[in-house]
Each structure stands twice: as C-alpha cells, then as structure tokens.
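The primary structure of each chain is shown beneath.
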Amino acid sequence: MKFAKLFYFGSLLVFLATLGCGGRQSRVEHGNQNQILHYGNGTEPQDLDPQIVTGVPEHHIIIALLEGLVMPHPKTLEPQPGVAETWKVSDDLKTYTFNLRKDAKWSNGDTLNAHDFVKSYQRMLTPTLAAEYSYMLHVMENAEDFNTGKIKDFSQVGVKALDDHTLQIQLNSPTPYFLSLLSHYSWFPVHLPTIEKHGAIYERGNRWTRPENYVGNGPFTLAQWKRNQVIVVKKSPTYWDANTVRLNEIHFYAIESDDTEERAFRSGQMHITQTVPLTKIEVYKKDNPHLIRIDPDLGTYYYRFNTRKAPLDDRRVRRALAMAIDRDSIVKNVTRGGQIPAHNFTPPETAGYTSDANVPYDIAGAKKLLAEAGYPDGKGLPPVEILFNTSEAHRTIAEAIQQMWNKELNVNARLVNQEWKVYLDSQQHGNYQISRAGWKGDYPDPNTFLDMWLTDGANNQTGWSNPEYDRLIQEAGRTADRDKRFDLFRKAEAILIDELPMLPIYFYTRVYLIHPSVQGWYPNILDNHPYKHVHLESPGK
C-alpha cells in the first residue's frame, strides 16, 4: 500500500478551536467515557471505494467499514474467520472452499452472500474500472486474462458461488500467502445494488461512497465525511459480531502538519497520531517514553525514477544518484526513529526472505558512472526534480538528499510538493522525474514488494520493464517449494537493484504517539489493527 503521511489545512482550524480551552473536558477524556477513538489519519483519503484506492490512509478507514472472507489476528496477523466461518483447502492447495456466515449482513439489512463476492471480484477485474490493485486478484485462475481483456467471459475466472453461502476460489498454483492476501481490502466485497444506484458500476467517479449512500458489511458505518477535516464512523448494529465491538465511534482526522497533530495529542484532542515530528522523537523517548511507540513495520521508503524521461532513462545516472546517498546519515540524523538503511527493496527477513542485492554508498563509483554517462563532475546534467506529497518529514528528507547530490556529484535538484490526490495523479500519469514513495507490505511475503515492478504493473509507475525480471517473478508465483521460490526472488531482486527504476532509502519503523487509554492496539509488522478488538479505558482504571 502506498504510504502517504500528509496533512490538510482544514483540520488545523478544527483543532485551533479546541486547543487551550482550559477547564473544558478534552476530546480524549470525553472519548474514554463514551468509547470514541480520536485517530490522526494523516491525509484526506483518495476515496473509500476499496476497488479504487491504493493507500494506507484509505486502508485505516475501509477496514472499519468493510470485512473480507478472513481477518487478521490483532497480535499475530494469522488469518481468522471473517465473513467466512470456515474453509477447506484441496489436497493440491489450489482450491479453497469458503462457508459464509448466514448471519452476515450489509449495513442496509441485506443478507451478504457468495454471489456478492463473485460480482465484487468481477468489478475489480473489469478493465474499464482500471483498478490499480487488480493484480492482487491475479492469483485466481484466468483472473489476469480477464483483467487484461484476453477473455471476455467472467465465468471462466476461478471464482464461483456454489450456493448462497458457499464460495469457491480456484488458484493458478499453490499460493502460500493466499489466506493472508484475503485480509487486504482489494478482496473485500462491495454492495453492487448501491453502486449501480449511484452511477456506472464499472467506472470511476461513482457517488456511492458518500455517507448518505455508503453500504458496507464491517463493524462500523460511515456517518460523516467533512472534506479535509474528519471522517466519523459509528458502530454498526447489523455487523455479525457486533457484541465484540466495544468502540461506539472512530473519528479519523486529516491534519496538515505533524507539529499540529502533536500539539493536538499533547492537549488531549487525539488518542493516536500518524507520526511524530522528527525534532520531538528524542524528547518523547526521554521525557514521556510511555506515550511514544516505535514498532516494527514491513515497509520501504524510496524514490521512484521516471525511466521514460532523460536523463533518468540512463541506468548509469540512476545508479550514480543512488550510490551518492548516505543512508546511515539519513536514519541517524534526519528520521531518528530506529529506521534501517535500505540498500535493496524488500525488507530483511520478510517471511524468512532476505535479498543478497546491495546498492553501495560509493561516491567515487557514483562519479565514475556519471562521467561515463557524459556528465563529468555533473557538468551538462540538467537539474532534476524531486516530487513529494506535502509533509515536513518528506521535505526534510528531500532537502538532505538534495544537499548530498549537490555536494558529492554537483547535481542540482529542485523540490516540488503536491497534495496527496494531485501527487498520486502525477505518479500515475508519469508527470514527474523523481518521486517520493513508500510501500507497506500488503501481506507478509516478499511477493508483495517484488510483483509491483512487473512490466506495466499498476504500482510500477516508472516505465521500467525487464522481461527476465517478469519471468522470474511469474515463475516464483508458480513455485510451491519455499527455497526455490526465494531463490527466484533473489535473482529477480538482483536485476531490480542493478537497474534501479527506484532508489531505496530506508526500511520503515512505525513511530507514533498513543494515549495510555487505548487498549487492544498491538504492534505488528503490517500496522494492522482490527478495530473490533480495540477499546478505551481511562488511565488508572
């Protein structure tokens, strides 16, 4: 999932109205009494249609509104029953048969059935929807061929409703991470009658995600959406496991500044923040260690190179820029949250996989490559642009890299910031040279990091293509043996790191502030927290 960390001005006005109101009950105090969680979500979401979006901020809200066949355990992330009460797997590990709960309902009272999943997956894979995450469903038999238009008959795709409460999915080959994959929102069902009522089913721009129209099947319903300010969800009375849900509401805030968000937390207006200002991390670690969390996080902070635009169409230029970055200095002096320098793309020990590939910090080698490309000492190389979505942290990192390139290679870089939706559009349409990006694993397997770089992959967005890389990733997808599969991944990642359509910078940690009243919020590598297991207790209770 694309990681944003972006804030908006609208919420600044909301919080200024509440900060410093001495004597009044704070939002956190009121929330603790009434089970209302106040959550800093970092950005105004692109949309709340699970088949359109690709980001982490959207994920945080969608998992409150919708539920898939399985859901992750709040501590271990092991797949647990969701809409599917039980399931069976065939001996060849290619056929999954799910028995759906008969008490599963949509928020409008309709019964949720197996046909809803079939129709949802058909929508997700229909080419006109142009779903960026459609490739997540390509593990199903013939799903990719339908998605790319090679076949027109959806009945040939490996999903069918055996009856109203039995869903069968046929895979191309054994997929060891398949059940974990089902926890991702790209596999969640959508209510087709509602979508059809408010626009074209297989096209973007449908109005079904507005609060007055939204029909979901999750533990919460969409109650309010104030653009650039707050999204409010309320406990759903129709959810099959409503008795487990203890929160009554969750308020997701979009705040422009991480400094403003931190002040909101400090003044009792926020239970959980999306981040911590870089200058405040050490302060909290020293003075209030019980309020700051630094959790492991399966993700990579990196820059995309647009390989369709000169001079970044030259591998030597890309490698020179990558080799001139002092990643140790960035994580030690800039981010300061326990991040790990990234010299490859897949985080180490991802489900037991670690890459052998390495981008060295080598100034002499970088200068040599730049000279070989026709730019000795940077002469003749036009300024390059670094695009990032608005955030103090992204700007600070970009400024550090800008200085490194200028000092070591005599390369000038201009910084360009855009708000989240514009930034996403620029990346999707190739309107950038170098673009800040973050990728959080969608499931605990190296494939979630490596299949995104396939030719014309929806989340590739660099223009880069390598047939041998594609072949290795596709072969890994057909390989059941773990060691052989990982060997294929290592060969593929070696190609990726040699050609560098992207520039890895560091591996994430999740750095945030959390109020002691928040219970059931456990650290895990996917930063996935099913809200049905979260509740609030006043400190000291």
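Parameters and conventions
Residues numbered from 1 in each chain as written. Predicted model: local features only at pLDDT ≥ 70, side-chain atom pairs only at ≥ 80, totals over all residues. Heavy atoms only, no water. Buried < 20%, exposed > 50% of the residue type's maximum accessible area, 1.4 Å probe, protein only. Helix = DSSP H or I, 4+ residues; strand = E, 2+ residues; numbered from the N terminus. Arc of directions from axis to C-beta. Phe/Tyr/Trp six-rings, centres within 6.5 Å; stacked < 30°, edge-to-face > 60°. Lys NZ or Arg CZ within 6 Å of the ring centre and 35° of its normal. Pairing = 2+ DSSP bridges. Contact = heavy atoms within 4.5 Å. Axes fitted to C-alpha atoms, helices over the stretch in contact; angles between N-to-C directions. pLDDT = per-residue confidence, 0-100. Polar contact = N/O pair within 3.5 Å; in protein donor to acceptor, adjacent residues only side chain to side chain. Core = buried A, V, L, I, M, F, W, Y, C linked by side-chain atoms within 4.5 Å. Parallel < 35°, antiparallel > 145°, perpendicular 65-115°, else oblique. Left-handed = near helix turned anticlockwise from the far one by under 90°. Nonpolar A, V, L, I, M, F, W, Y, C, P; charged D, E, K, R; others polar.

Regarding helix H2 (residues 27-34)
1) Next: Among all positions in H2, only Arg27, Val28, Gly31 and Asn32 are buried. Projected down its long axis, H2 carries its buried residues within an arc of 130°, all on one side.
2) Next: Backbone geometry just after H2 places Gln35 at a positive phi near 55°.

Examining the packing of aromatic side chains
1) Next: Overall, the coordinates contain 28 aromatic pairs when judged by the stated rule.
2) Next: Ring geometry for Tyr302 against Trp453: centres 6.0 Å apart, planes inclined by 75°, an arrangement best described as edge-to-face. Pair noted here: Tyr302 is in strand S11 (residues 292-305) and Trp453 is in the loop between helix H15 (447-450) and helix H16 (467-477), with a separation of 151 residues, a long-range link.
3) Next: Among the residues examined, Tyr302 registers a relative accessible area of 0% and is labelled buried.
4) Next: An aromatic cluster is built from Trp87, Tyr96, Phe98, Phe117, Tyr121, Phe178 and Trp187, whose rings are joined through pairwise contacts.
5) Next: The ring of Trp225 is capped by Arg227, whose NZ or CZ atom sits 3.8 Å from the centre of that ring.

Digging into the sheet that holds strand S13 (residues 384-389)
1) Next: Spatially, S12-S16-S11-S15-S13-S14 is the arrangement adopted by the 6 strands of the open sheet, whose pairing is mixed. Bordering the open sheet on either side are strand S12 (340-341) and strand S14 (413-418), each of which pairs with just one other strand.
2) Next: Pairing geometry for S11 and strand S16 (residues 502-513), over 10 bridges, is antiparallel. Paired with Asp295 across the strands is Arg510, a residue of S16.
3) Next: Against the sheet, helix H11 (residues 327-335) engages S12 and S16, with an angle of about 25° to S16.

Here's the deal with the confidence of the model for the protein
1) Next: With 95% of its residues at a pLDDT of 70 or more, the protein has an overall mean of 94.
2) Next: Under a pLDDT of 50 for its full length, residues 6-22 has, in the predicted model, 47 contacts with residues more than four places off or in other chains.

Section: the side chain of Glu132
1) Next: Residue position: Glu132 is located in the loop between helix H4 (114-125) and helix H5 (143-147).
2) Next: For Glu132, the side chain forms a polar contact with the side chain of Gln461, separated by 3.2 Å.

Here's the deal with the sheet that holds strand S7 (residues 166-170)
1) Next: Pairing is antiparallel in the open sheet, where 4 strands are placed in the order S4-S5-S7-S6. Each end of this open sheet is capped by a strand with a single partner; those strands are strand S4 (84-89) and strand S6 (159-163). Across the sheet, the mean angle separating the axes of adjacent strands is 25° when strand polarity is ignored.
2) Next: Inspection of the sheet shows S4 paired to strand S5 (residues 95-100) by 5 bridges, in the antiparallel sense. Across the sheet, Ala84 pairs through a bridge with Leu100, a residue of S5.
3) Next: Together, S5, S6 and S7 form the strand contacts of H4, whose direction differs from that of S6 by roughly 165°.

Here we look at the nonpolar core
1) Next: Counting residues in each nonpolar core, the largest one holds 170 residues, and the members touching the most others are Leu69, Phe98, Ile169, Trp187 and Trp405.
2) Next: Each residue touching Phe98, except ones within four places of it in the same chain, is listed here: Leu69, Ala84, Thr86, Trp87, His165, Thr166, Leu167, Ile169, Phe178, Leu179 and Leu182.

Considerations on the packing of H16 against helix H17 (residues 482-499)
1) Next: It is the contact of H16 with H17, at a shortest axis distance of 9 Å, that shows an interaxial angle of 160°. By the angle between their directions, the pair H16 and H17 is classed as roughly antiparallel. As H16 packs across H17, the resulting crossing turns out to be left-handed. Residues Glu468, Tyr469, Leu472, Ile473, Glu475 and Ala476 of H16 form the contact with H17, whose own contacting residues are Arg485, Leu488, Phe489, Lys491, Ala492, Glu493, Ile495 and Leu496.
2) Next: Each residue belonging to the contact of H16 with H17 can be placed in one class, and the counts come to 9 nonpolar, no polar and 5 charged.

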